[in-house]
Amino acid sequence: MKYKSTRGRSFQDSTYKTLLEGLSEDGGLYLPLDLPKIDIKDNDIKNFTYTDYAEKIIGEIFNDIDKEVLSEEIKLAYKSFDREVLPIKKLDSLYLMELYHGETFAFKDFALSLLPKLISRALEKENPDKKILILTATSGDTGSAALYGFKNVKNTKIIVFYPTKGISEIQKKQMVSVDGDNTYAVGVRGNFDDAQSALKEIFNDKEFKDYLRDKNYLLSSANSINIGRLVPQIVYYFYSYFTLVKRGEISNGDKVSVSVPTGNFGNILAAYMAKKMGLPIEDLICGSNKNKVLTDFINTGSYNANREFYTTNSPSMDILISSNLERFLYYELEEDPDKINNLMNKLKSSGAYSIDPALLNNIYGYSYNDQETLEEIKRVFDNYNYLIDPHTAIATAGARDYLKNKDTKVLVASTASPFKFAGSIVSALGETCSDEISAIDLVEDLTGIRAKNFKKLLNSEIKQKRQIEKSDIKEVIREILK
Ligand SMILES: *Cc1c(COP(=O)(O)O)cnc(C)c1O
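Each chain carries its own residue numbering, running from 1 in the written order of its sequence. Residue-level local features of this predicted model are given only where pLDDT is at least 70; pairs of side-chain atoms are given and counted only at 80 or more, and the full residue set underlies all totals for whole chains, interfaces and linings. For side-chain calculations, the full set of non-hydrogen atoms in the structure is used, while hydrogens and water are omitted.

Participant: What is the right way to look at the environment of Ile158 in this model?
Facilitator: A run of H or I in DSSP becomes a helix once it reaches four residues, and a run of E becomes a strand once it reaches two; helices and strands are each numbered from the N terminus. Positionally, Ile158 belongs in strand S7 (residues 156–163). In sequence terms Ile158 and Leu147 are 11 residues apart; their C-alpha atoms lie 6.8 Å from each other. Excluding residues that lie within four positions of it along the chain, Ile158 makes contacts with Ile134, Ala146, Leu147, Phe150, Asn182, Thr183 and Tyr184. Residue contacts are defined here by distance: any two heavy atoms, one from each residue, within 4.5 Å place the two residues in contact.

Laid out in structure tokens, this is it:
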């Protein structure tokens, strides 16, 4: 496969090179030159497992990676999941894709269990005498999923910087208990912005980059602009659709809509790409919290990031600039890089841009504040005796509002285990508790629903004890690379 940038000036002639490069040099995001159409035969619907779908769909896009190698890495990646990789739960016309049965209990595991292995293979092929250093600042789910994904992967080292303030106990526990020989989680005293800005400086620090080059390290980040984060996510929309066909819930060819709680626009973009690859998707439903920049964009055509930023109970969606929206715009604007350059320049200079809202026909936007999110968790629990996390609640609420004017079945992305956000579940059920860890027991008591594997995590040992001032980031990296 060859790849092109949304800004029109960068190209790559292989998947491996594109995975290693991440963000393209012209500042745009890479997309496959041609999206293949996927044909799933009746016989495949009957027999395919999750990894069969993954091999077929990822293999059609990453068609220049050796089939055997890809198959081996995919099987290994999804072996770390529960045996049933992706259970689907029916709640009337909604079908919840439980995307949280990987190692860190959130959907990011789908891509981050596979991408590190492919990056390691890419390095072996393209740059055999180099190693990769992944540096990431995280406010939550990405950090732990990346640590688990890169754990003990050959020729890679990963250092995740997490803020000591504004991160949940559970998320922190997940990071500091990772025990790979190449994984490091470092607490930076302060909030997420402190960690993020300190790290950004390093990515622009020429002297430090020279130092890394001398040590034979290529610098990379694990964020969701890498095409390798996107492609594995396309798979679960195909898998889920055909699982409904197999169960007789729909007939092959029937259209369904898809509802996704959205932050950086990666997950919903994967659904959009699945549609472009031939999956019968009617509409996309984009759910936001109080940071509703996407809802406003979808309803008016105007994107405006000049607004107050809120911290909410769905923290993985607290975001004002959704990078992957650029890929969506590229497709919607006739794949014209001039139009994208124009919009992105406006975004950079003024924080805002507009497009014709008529283009946004098959996408619906809804937003809910914290209180509405908790009410939705409670409503779903009362009606179905089923728990959803706050992010997922935004997607089920969006699907319900959408269905007021539509009559279709909706696949809902359930993006995290409810036990990851046990504190919010306790509030939703009208109780209080002192800390998140005791909230988990309380949720079990109140609902009779068991946290199962999740509890193992809480008893795991703390391996990572580093905590630093933000001015010491370079120092700590040097020490780790020694
Ligand atoms: C990352 C994340 C999201 C947002 O997904 P995007 O691909 O960034 O839109 C939603 N829910 C959870 C639990 C997440 O971790």
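From this point, things continue past the structure.
Participant: I keep staring at the side chain of Thr104 and nothing clicks. Help me out?
Facilitator: If you trace the backbone, Thr104 turns up in the loop between strand S5 (94–98) and helix H5 (109–112). If we skip the residues at most four places from it in the chain, Thr104 touches Asp109, Ser144, Ala145, Tyr148, Gln174 and Lys420.

Participant: Is there a simple way to think about the sheet that holds strand S3 (residues 30–32) in this case?
Facilitator: Sheet strands pair by backbone hydrogen bonding; their relative direction is either parallel or antiparallel. Taken together, 3 strands build an open sheet; the order of strands is S2-S1-S3 and the sheet is antiparallel. Two strands lie at the open edges of the sheet, namely strand S2 (11–12) and S3, each paired on one side alone. Pairing of strand S1 (residues 3–5) with S3 involves 3 bridges; the strand directions are antiparallel. In the sheet register, Tyr3 faces S3, and the bridge partner there is Pro32. What makes two strands pair is DSSP finding at least two bridges between them.

Participant: Any chance you could explain the pattern of salt bridges here in plain terms?
Facilitator: By definition, a salt bridge exists where a carboxyl oxygen of Asp or Glu is found within 4 Å of a side-chain nitrogen of Lys or Arg. Following the criterion strictly, the structure yields 29 salt bridges and no others. Between Arg121 and Glu72 there is a salt bridge, with its nearest N and O atoms 3.4 Å apart. Taken together, the residues Arg121 in helix H6 (residues 115–126) and Glu72 in helix H4 (residues 67–79) connect sequence positions 49 residues apart. A salt bridge links Asp401 to Lys404; its shortest N-O distance comes to 2.6 Å. Accessibility expressed as a relative area gives 63% for Lys404, which makes it exposed. One salt-bridge network, in which partners are shared between bridges, spans Asp441, Glu444, Arg450 and Lys455. The rule is simple: take the accessible area with a 1.4 Å probe, protein chains only, and divide by the maximum for that residue type; under 20% is buried, over 50% is exposed, in between is partly exposed.

Participant: How do you make sense of the nonpolar core when you look at a structure like this?
Facilitator: Generally speaking, a soluble globular protein has its nonpolar side chains buried in company with each other. Put simply, buried Ala, Val, Leu, Ile, Met, Phe, Trp, Tyr and Cys residues joined by side-chain atoms within 4.5 Å make one nonpolar core. In terms of nonpolar packing, the biggest core is built from 109 residues, with Tyr50, Tyr237, Phe238, Leu329 and Tyr353 touching the most fellow members. Counting residues per element, this core draws most heavily on helix H11 (residues 227–246), which supplies 13 residues. Not counting the four nearest positions on each side in its chain, Tyr237 is found in contact with Met97, Val258, Val260, Asn267, Ala270, Ala271, Ala274, Leu279, Leu411 and Ala413.

Participant: Sorry, what's going on with the site of the ligand here?
Facilitator: Any residue with at least one heavy atom within 4 Å of a molecule or strand is counted as near it. Within the structure, the ligand sits among 14 residues, and Lys108, Asp141, Gly263, Asn264 and Asn267 are positioned closest to it. One of the backbone N or O atoms of Asn264 is found 2.8 Å from an oxygen atom in the ligand. One of the backbone N or O atoms of Phe265 is found 3.0 Å from an oxygen atom in the ligand. Only the protein chains shown count as cover for residues, and all accessible areas are computed by the Shrake-Rupley method using a 1.4 Å probe. Relative to its free-state accessible area of 390 Å², the ligand is covered by the protein chains to the extent of 96%. Classifying every residue of the shell around the ligand gives 4 nonpolar, 8 polar and 2 charged. Two N or O atoms form a polar contact when they lie within 3.5 Å of each other; inside protein one atom must be a possible hydrogen donor and the other a possible acceptor, and for residues adjacent in sequence the pair counts only when both atoms belong to side chains. Lys, Arg, Asp and Glu make up the charged group, whereas Ala, Val, Leu, Ile, Met, Phe, Trp, Tyr, Cys and Pro make up the nonpolar group; the residues left over, Gly among them, are polar.

Participant: What's the story with the sheet that holds strand S11 (residues 281–288) in this structure? I'm lost.
Facilitator: Taken in spatial order, the 6 strands make up an open sheet running S4-S5-S15-S10-S11-S14, and their pairing is mixed. Of all the strands in the sheet, the pair left with one neighbour each is strand S4 (88–91) and strand S14 (363–367). With strand direction ignored, the average angle separating the axes of adjacent strands in the sheet is 25°. The pairing of strand S10 (residues 256–261) with S11 spans 5 bridges and is classified as parallel. Among the inter-strand pairings, Ser259 is bridged to a residue of S11, identified as Ile285. Angles here are taken between N-to-C directions and fall from 0 to 180 degrees, while the axes themselves are lines fitted to C-alpha atoms, restricted in helices to the stretch in contact. Against the sheet, H11 engages S4, S5, S10 and strand S15 (409–414), with an angle of about 135° to S15. Here helix H13 (residues 293–300) sits on the sheet and contacts S11 and S14; the angle it forms with S14, its principal contact strand, is near 140°.

Participant: Just to check I follow, could you spell out H11 for this structure?
Facilitator: An α-helical segment advances 3.6 residues per turn. Residues three or four places apart therefore align on the same side. The end-to-end C-alpha separation of H11 is 30 Å, in line with the 28 Å expected for 20 residues at 1.5 Å each. Of all 20 residues in H11, 19 are buried, a share of seventy percent or more. Positive phi shows up at Gly248, right after H11, with a value of about 80°. The length a helix should cover is 1.5 Å for every residue beyond the first.

Participant: I tried to follow unusual backbone geometry on my own but got confused; where do I start?
Facilitator: Glycine aside, the phi torsion of most residues is negative, and most peptide linkages are trans. With a phi angle near 60°, Asn152 is a residue other than glycine that sits in the positive phi range. On the accessibility criterion, Asn152 (46% relative accessible area) is partly exposed. One non-glycine residue, Glu335, adopts positive backbone phi at about 55°. Take Glu335: it is sitting in the loop between helix H14 (325–332) and helix H15 (337–350). Residue Glu335 is classed as partly exposed on the basis of its relative accessible area of 35%.

Participant: In this structure, what is going on with the side chain of Thr262? I would like to understand it.
Facilitator: Counting through the fold element by element, Thr262 comes out in the loop between S10 and helix H12 (266–276). Among the polar contacts listed, one links the side chain of Thr262 to the backbone oxygen of Val260, at a separation of 3.0 Å. Discounting chain neighbours no more than four positions away, the residues touching Thr262 are Ile268, Cys286, Gly287, Leu294 and Met317.

Participant: Is there a simple way to explain the packing of helix H10 (residues 206–214) against helix H21 (residues 473–481) in this structure?
Facilitator: Axes are the key here: two packed helices are described by the angle between their axes and the distance separating the axes. Two elements in contact, H10 and H21, have axes whose closest approach is 12 Å; the angle formed by their N-to-C orientations is 5°. Judged on the interaxial angle alone, H21 and H10 are roughly parallel. Side by side, H10 and H21 meet where Phe208, Tyr211 and Leu212 of the first sit next to Lys474, Ile477, Arg478 and Leu481 of the second. Looking at the contact of H10 with H21 residue by residue, the classes come out as 5 nonpolar, no polar and 2 charged. Angle categories are assigned with fixed cut-offs, so that under 35 degrees is roughly parallel, over 145 is roughly antiparallel, 65 to 115 is roughly perpendicular, and the rest are oblique.

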